[in-house]
Amino acid sequence: GASASAGSHIGAGVLIASAAIVHAVAVIVYILFWANVVNAVNDNCDDDVYSYNQDGVDCDDLASGVGAFIGVLIWPIIVIDIATFCVELICAIFSFQAARAVRAQALPITAGVPVAKPVVSRC
């Protein structure tokens, strides 16, 4: 019936809203990961953990290489997650609006049987 359909729309809206929240949190985690990796490499350069004379590694090259590698991987993921979050948020809003519309159009129910409006004869 209509109430079951409205319940389905609400259930879909809740699931989609949950997925949107997960994608929003993922974007924050990705940005924090990227910032921490770049900072860790730069801190190691500043602390002379990697020195050219000791390890044969130029620290500036290492820092830029790691930053570029992580950046190439993570920024497209962040952009896709932001787009997914927006689409899921819109879908969740539409699901809740659809549930409200279905309930508004539903016939009243008495003892599990829809109550039809009386037909008025114009004879």
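A.B. asks: Where do I start with the overall build of the chain in this structure?
C.D. replies: Scanning the chain from terminus to terminus reveals 3 helices and 2 strands. Pairs at least 24 apart in sequence give 76% of the contacts found in the chain among residues at least 6 apart.

A.B. asks: How should helix α3 (residues 59–105) be read in this particular structure?
C.D. replies: For an α-helix the count is 3.6 residues per turn, leaving residues at separations of three or four pointing the same way. With 47 residues, α3 extends 68 Å between its outermost C-alpha atoms, agreeing within 8% with the 69 Å of an ideal straight helix rising 1.5 Å per residue. The sharpest bend along α3 measures roughly 30° and falls at Gly71. Among all positions in α3, only Cys59, Ala63, Ile70, Gly71, Ile74, Ile78, Asp81, Glu88, Ala92, Ser95 and Ala99 are buried.

A.B. asks: Whenever I open this one, the environment of Cys45 confuses me. Can you help?
C.D. replies: Inspection of the secondary structure assignment puts Cys45 in helix α1 (residues 2–46). Sequence-wise, Cys45 and Leu62 are 17 residues apart; in three dimensions their C-alpha atoms are separated by 8.8 Å. Ignoring sequence-local partners within four residues, the contact set of Cys45 consists of Cys59, Asp60 and Ala63.

A.B. asks: Got a minute to help me understand the nonpolar core in this structure?
C.D. replies: Generally speaking, soluble globular proteins have nonpolar side chains that are buried together. Judged by nonpolar contacts, Val27, Val37, Ile70, Ile74 and Ile78 together constitute the single largest core of 5 residues. Broken down by secondary-structure element, the contributors of at least two residues to this core are α1 and α3. Top element by residues in this core is α3. It accounts for 3 residues. Apart from residues no more than four positions distant in its own chain, Ile74 is found in contact with Tyr30, Phe33 and Trp34.

A.B. asks: What is the right way to look at the confidence of the model for the chain in this model?
C.D. replies: Close inspection of predicted coordinates is inappropriate in any region flagged by low pLDDT. Overall, the predicted model of the chain reaches an average pLDDT of 80, with 72% of residues at or above 70. In the model of the chain, helix α2 (residues 52–55) stands out as the element of lowest mean pLDDT, 54, in contrast to α3, which has the highest, 88.

A.B. asks: Looking at this model, I keep getting lost on a nonpolar patch on the surface. Mind explaining?
C.D. replies: Residues Leu89, Ile90, Ile93 and Phe94 make up a contiguous nonpolar surface patch of about 380 Å² in total accessible area. Topologically, Ile93 is positioned in helix α3.

A.B. asks: Before we go on, may I ask you to explain the environment of Ala68 in this structure?
C.D. replies: Assignment of secondary structure puts Ala68 in helix α3. Between the alpha carbons of Ala68 and Val38 there is a distance of 9.5 Å; along the sequence they are 30 residues apart.

A.B. asks: Even after reading the chapter, I still don't get the side chain of Ser95, so can you show me in this structure?
C.D. replies: Positionally, Ser95 belongs in helix α3. Setting aside residues no more than four positions away along its own chain, Ser95 makes contact with His9, Ala12, Gly13 and Ile16.

A.B. asks: Would you explain the side chain of Glu88 in this entry?
C.D. replies: The topology assignment puts Glu88 in helix α3. Buried charge without a partner: Glu88 forms no salt bridge, and the closest opposite charge is Arg100, 20 Å away. With near-sequence residues (within four places) excluded, Glu88 lies in contact with Ile16, Ala19, Ala20 and His23.

What counts as what
For every chain, the first residue of the written sequence is number 1, and numbering continues from 1 along that sequence. Side-chain atom pairs in this predicted model are given and counted only at pLDDT of 80 or more, local residue features only at pLDDT of at least 70, and totals for whole chains, interfaces and linings cover all residues. Calculated side-chain values reflect all of the structure's heavy atoms, with hydrogen atoms and water omitted. Put simply, DSSP H or I for four residues or longer makes a helix, DSSP E for two residues or longer makes a strand, and each gets a number counted from the N terminus. Only heavy atoms matter for contacts: two residues are in contact if any of them lie within 4.5 Å across the pair. A helix is expected to span 1.5 Å multiplied by its residue count minus one. Throughout, bend refers to the angle between the axes fitted to the seven residues that end at a position and the seven residues that start at it. Only protein chains enter the calculation, and the probe is 1.4 Å; a residue is then buried if its accessible area is under 20% of its type maximum, exposed if over 50%, and partly exposed in between. Only buried residues count toward a nonpolar core, which is a set of Ala, Val, Leu, Ile, Met, Phe, Trp, Tyr and Cys residues joined through side-chain atoms within 4.5 Å. On a range of 0 to 100, pLDDT expresses the predictor's confidence in each residue. Here the term patch refers to residues with relative accessible area over 30% and no salt bridge, with like charges joined within 9 Å and nonpolar side chains (Val, Leu, Ile, Met, Phe, Trp, Tyr) within 5 Å. To measure how exposed things are, a 1.4 Å probe is used in the Shrake-Rupley method; for residues, cover is taken only from the protein chains shown. Salt bridges are counted wherever a side-chain nitrogen of Lys or Arg sits within 4 Å of a carboxyl oxygen of Asp or Glu. By the counting scheme adopted, Arg and Lys are positive, Glu and Asp are negative, and His together with the chain ends is not counted.

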